[in-house]
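Overview (structure and organization)
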Amino acid sequence: MAGKVQAPKGTFDVLPEGAGPRLRLQHAAEELLGRWGYDYVETPIFEDTELFARGVGETTDIVQKEMFTFDDQGGRSITLRPEGTAPVARAYIEHGMHKRPQPVKLWYWGPFFRYEAPQAGRYRQFNQVGVEAIGTASPSIDAEVIGLLADLLSGTRGLRLRISSIGTPETRREYSDELREHLRAHEDQLSDDVRARLDANPLRAFDSDHAGTQAVMRDAPRLLDRLGDEDEEHFAQVRALLDAMEIAYEVDGTLVRGLDYYTRTVFEFTSDALGAQSGVGGGGRYDLLIEQLGGPATPGIGWAAGIERILLASEAEDAGERLDVYVAHSDDPLTAIYVASRLHRRGKSAQLEHAGRSIKGQMKQADRLGARVVVIVEDGKLAVRNMATGEQQEARDRDDAIALAEAVA
Ligand code: HAM
């Protein structure tokens with residue numbers, strides 16, 4: 001016998017039992033984002049590799065070791081998208097969206113791919129919901145997008161929001177030099193990983209879970225204390241706006257995001273219900289990205305949240321959908337399907353027997369499905385049973401049965 005083929009490592013199937021909360025979350029996201037004026041976009045699942053190399057940054061973990069990259073039959077280097085911001089920025093440029101009224105506010109939902117070590121809440125194919133608001137540097141849009149994510153995550157257990165500002169690349173360059181000096185002075189205490197990236201990206205040392213590195217970072221200089229006046233003012237306004245929205249946050253100068261395009265505001269929501277992979281959603285401003293990808297100088301800000309992590313950290317018990325009507329029948333599928341289809345047209349949920357069970361077996365099946373009402377079509381007669389009370393009524397004809405079932409369901 002041939003061996004069983006299984007789903008690839010780090011992937012999962014969404015089975016019927018787990019589909020309800022996911023679909024409801026998608027529906028809730030669509031409603032919420034629509035109310036705030038965000039329009040839905042879709043970009044391809046794969047892009048030219050160059051987009052992510054240029055957009056996300058050559059020195060990031062994502063580009064260096066986590067991308068699913070391959071050559072297509074035409075010899076082009078293709079990458080399964082590891083994130084959504086660079087693709088949306090590309091689409092903004094490609095479709096001349098700077099000519100539309102600004103800001104252009106977009107949202108997306110779909111699968112993303114990163115070659116990471118799988119563990120609880122971390123997969124190689126996962127789903128994100130995200131927004132990008134492109135075309136304004138106003139601090140009010142920063143507060144708006146953060147507020148939106150706070151709203152979307154309001155049913156999440158143990159939620160915490162951290163925010164910071166990382167200023168401009170120039171500030172960061174000067175600060176990096178200062179930080180590099182501090183790290184060099186304590187080089188023997190650092191992890192190999194951090195030491196190897198000391199030149200390229202010393203800021204990543206804040207991200208390290210290595211004890212020695214963490215000790216060195218505790219008295220490292222803080223970028224937040226080195227911001228230019230305009231960036232500092234921008235960050236002060238973002239905080240005041242969040243206060244006005246009564247959104248609780250902590251300012252955390254050690255917050256590092258794993259993507260290179262950020263400028264000024266960065267933020268992250270974590271949940272203590274998640275364990276090691278505690279990041280539920282995060283994002284920030286990327287005022288230079290569009291220009292870097294060949295578009296006109298255009299500021300932007302956005303976030304993405306992991307669907308699987310939201311569901312894992314969700315407070316809601318899945319109540320499940322109840323069935324209004326089950327149509328049981330012994331020998332008259334024409335009447336049964338008529339009754340079920342009419343009930344559907346009247347907005348009820350209805351299912352009918354397809355497996356040839358006995359009427360007794362069908363009543364059990366109706367019970368398993370949590371049906372409120374069963375219409376029984378048997379020996380040329382129709383009856384309607386209220387499953388909560390056990391009461392059963394004869395119906396004159398099929399339309400009478402529909403009316404009776406509708407009244408109870
Ligand atoms: P990110 O922080 O890399 O940001 O990912 C956002 C969220 O995606 C994370 O908080 C996490 O919930 C989820 N996520 C990431 N990797 C995995 C994984 N391997 N398995 C499961 N979930 C995962 C971005 O992707 C940016 N594009 C966000 C953004 C939008 N910034 C500005 N605009």
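This next bit is on the site of the ligand. Around the ligand, a shell composed of 27 residues is seen, among which Glu 83, Glu 116, Tyr 123, Glu 132 and Tyr 262 lie nearest. The side chain of Glu 132 places a nitrogen or oxygen atom 2.8 Å from a nitrogen atom of the ligand. Contacts to the ligand include Tyr 262, whose side-chain N or O atom sits 2.6 Å from a nitrogen atom. Starting from 660 Å² of accessible surface for the ligand in isolation, the protein chains cover 95%.

As a further point, take the pattern of salt bridges. On inspection of all chains with the given rule, the structure shows 24 salt bridges. The salt bridge involving Arg 195 is made with Asp 192; its shortest N-O contact spans 3.7 Å. Within this pair, Arg 195 and its partner Asp 192 are both found in helix H7 (residues 192-196), separated by 3 residues, close to a single helical turn. Note on Arg 195: relative accessible area 32%, which makes it partly exposed. Judged by its relative accessible area of 59%, Asp 192 is exposed. Glu 353 is paired through a salt bridge with Arg 357; the nearest N and O atoms lie 3.1 Å apart. A relative accessible area of 4% means that Glu 353 is categorised as buried. Counted as one network, the salt bridges with shared partners bring together Asp 61, Lys 65, Asp 193 and Arg 197.

Turning our eyes to something else, we now look at the packing of aromatic side chains. On inspection of all chains with the given rule, the structure shows 7 aromatic pairs. Connected via pairs of aromatic rings, a cluster forms that spans Tyr 108, Phe 112 and Phe 126. Over the ring of Phe 112 we find Arg 81, and its NZ or CZ is 4.1 Å from the ring centre. The positively charged end of Arg 124 is found above the aromatic ring belonging to Tyr 115, 3.9 Å away from the centroid.

Looking only at helix H8 (residues 211-218), the buried set comprises Thr 213, Val 216 and Met 217. Down the axis of H8, the buried side of the element spans an arc of 100 degrees, and every buried residue falls inside it. For H8, the exposed residues lying more than 90 degrees away from the buried face are Ala 211 and Arg 218. Residues of H8 that are buried sit in contact with helix H6 (169-185) and H7.

The next subject is the domain arrangement of the protein. Split by domain assignment, the protein resolves into domain 1 (16-167 + 227-313) and domain 2 (325-408). Relative to domain 2, the C-alpha centre of domain 1 lies at a distance of 48 Å.

Strand order across the open sheet formed by 5 strands is E13-E12-E14-E15-E16, with mixed pairing between neighbours. Looking at the sheet topology across the chains shown, the edges are occupied by strand E13 (350-352) and strand E16 (392-395). On average, each strand axis in the sheet is inclined to that of its neighbour by 20 degrees, with strand direction left out of account. With 3 bridges connecting them, strand E12 (residues 325-329) and E13 associate as parallel partners. For Tyr 326, the partnering residue across the bridge sits in E13 and is Gln 351. Packing of helix H13 (residues 359-368) onto the sheet brings it into contact with E12, strand E14 (373-378) and strand E15 (381-386), and relative to E12 it is tilted by some 170 degrees.

Glancing now at unusual backbone geometry. Cis geometry marks the peptide bond from Gln 102 to Pro 103, where omega comes out at -5 degrees. Take Pro 103: it is sitting in the loop between helix H4 (85-94) and strand E5 (104-113). Phi at Glu 246 is positive, roughly 55 degrees, even though this residue is not glycine. On the secondary structure map, Glu 246 appears in the loop between helix H9 (229-244) and strand E8 (250-251). Not every positive phi belongs to a glycine, and Arg 264 is a case in point at roughly 50 degrees. Inspection of the secondary structure puts Arg 264 in strand E9 (residues 263-271).

Quick notes on the rules
Residues numbered from 1 in each chain as written. Predicted model: local features only at pLDDT ≥ 70, side-chain atom pairs only at ≥ 80, totals over all residues. Heavy atoms only, no water. Near = heavy atom within 4 Å. Polar contact = N/O pair within 3.5 Å; in protein donor to acceptor, adjacent residues only side chain to side chain. Areas by Shrake-Rupley, 256 points an atom, 1.4 Å probe, with all protein chains shown as cover. Salt bridge = Lys/Arg side-chain N within 4 Å of Asp/Glu carboxyl O. Helix = DSSP H or I, 4+ residues; strand = E, 2+ residues; numbered from the N terminus. Buried < 20%, exposed > 50% of the residue type's maximum accessible area, 1.4 Å probe, protein only. Phe/Tyr/Trp six-rings, centres within 6.5 Å; stacked < 30°, edge-to-face > 60°. Lys NZ or Arg CZ within 6 Å of the ring centre and 35° of its normal. Arc of directions from axis to C-beta. Contact = heavy atoms within 4.5 Å. Domains from an automatic or database assignment. Pairing = 2+ DSSP bridges. Axes fitted to C-alpha atoms, helices over the stretch in contact; angles between N-to-C directions.

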